[in-house]
Amino acid sequence: MITLYHCDGARSFRPLWMLEELGLAYELKMLPFPPRVLAKEYLAINPLGTIPFLIDGETKMTESSGICHYLGVKHGPTPLMVGPEEKDYGAFLNWMYFSDATLTFPQTLVLRYTQLEPEERRSPQVATDYAKWFLGRLRAVEAATANAEFLCAGRFTAADIVIGYALRLADTLGLAKDFGPNVAAYWVRLQQREGYQRARAAEQRAGVEQGIEPRVRP
């Protein structure tokens, strides 16, 4: 059985959504955010104290986009993956890495300096600067969705899952109002997927069952 450690609204939503799209059986363990502060016993499982943490047999992973890639290859074949024989293979890999390194990174600083730091350490200037950074990098997604329903290969793939989470986080942070028209329409399409909706429902249900209060609700 696959086990996924998850916080409400956190980047661990990427592998949760991937699991639902693949139709795999899994156990979802909810934690308060940030777990390294509010659930110190978790450090015995994942010394980094970060989310996500996936266990699949002897495999243990901490990187959300990497987990999505792993699940698609390990538990495929699936159209969610783009193979090296396809012309969009390079674009697919680029989006997979772009999702966290380029899009989610600046958002974490917006989150930190608007919500997570003590009041005296919060910095509207830092938050504003990194929000602009994120929105500037989002131009790549705006361009890619100008004439296409999804990012690559002419179909919904894991790339849309990992980029889609960045859009969900942006929505949570109040940045969706600044989406371009193509990104805004793309985000609506992603939320309409049954896999996305099942993942949201699983997140909410597990939180209630395990007594973990939601952190944010976009």
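Residues numbered from 1 in each chain as written. Predicted model: local features only at pLDDT ≥ 70, side-chain atom pairs only at ≥ 80, totals over all residues. Heavy atoms only, no water.

## Observations concerning the sheet that holds strand S4 (residues 59-61)
The strands making up a sheet are joined through hydrogen bonds of the backbone, oriented either antiparallel or parallel.
Stage number 1. If you walk across this open sheet you meet the 4 strands as S2-S1-S3-S4, and the pairing is mixed. Only two strands of the sheet have a single partner each, and these edge strands are strand S2 (26-30) and S4. Put simply, the sheet's adjacent strands are angled 15° from each other on average, direction ignored.
Stage number 2. Pairing between strand S3 (residues 53-56) and S4: 3 bridges, direction antiparallel. If you follow Leu-54 over to S4, its bridge partner there is Met-61. (Pairing = 2+ DSSP bridges. Helix = DSSP H or I, 4+ residues; strand = E, 2+ residues; numbered from the N terminus. Axes fitted to C-alpha atoms, helices over the stretch in contact; angles between N-to-C directions.)

## Quick word on the pairing of S3
Stage number 1. Judged from the 3 bridges that link them, strand S1 (residues 2-6) and S3 form a sheet pairing that is antiparallel. Counterpart to Thr-3 in the pairing with S3 is Ile-55.
Stage number 2. In this structure, the hairpin formed by S3 and S4 is closed by a connection of 2 residues, where Gly-57 is found at a positive phi of approximately 65°.

## Things to note about unusual backbone geometry
Note: most residues except glycine have negative phi, and most peptide bonds are trans.
Stage number 1. With omega at -5°, the peptide bond leading from Phe-33 into Pro-34 counts as cis.
Stage number 2. The residue Pro-34 is located in the loop between S2 and helix H2 (35-38) in this model.
Stage number 3. Pro-52 follows Ile-51 through a cis peptide bond whose omega is 10°.
Stage number 4. For Ala-153, which is not a glycine, the phi torsion comes out positive at approximately 65°.
Stage number 5. Position of Ala-153 relative to the elements: it lies in the loop between helix H6 (139-144) and helix H7 (158-172).
Stage number 6. Classification of Ala-153 by relative accessible area gives partly exposed; the value is 22%. (Buried < 20%, exposed > 50% of the residue type's maximum accessible area, 1.4 Å probe, protein only.)

## Considering the pattern of salt bridges
Oppositely charged side chains can form a pair if their charged atoms are brought close together.
Stage number 1. If you walk through the whole model with that rule in mind, you get 14 salt bridges.
Stage number 2. The salt bridge involving Arg-155 is made with Glu-86; its shortest N-O contact spans 3.0 Å. Of the two residues, Arg-155 sits in the loop between H6 and H7 while Glu-86 sits in the loop between helix H3 (64-74) and helix H4 (89-116), which places them 69 residues apart along the sequence.
Stage number 3. Of the charged contacts, one joins Glu-194 and Arg-198 as a salt bridge, the two residues approaching to 3.7 Å between their closest N and O atoms. Taken together, the residues Glu-194 and Arg-198, both in helix H9 (residues 194-209) and 4 residues apart, mark about one turn of the helix. (Salt bridge = Lys/Arg side-chain N within 4 Å of Asp/Glu carboxyl O.)

Keep in mind that these numbers describe shape and distance, not what the molecule does.
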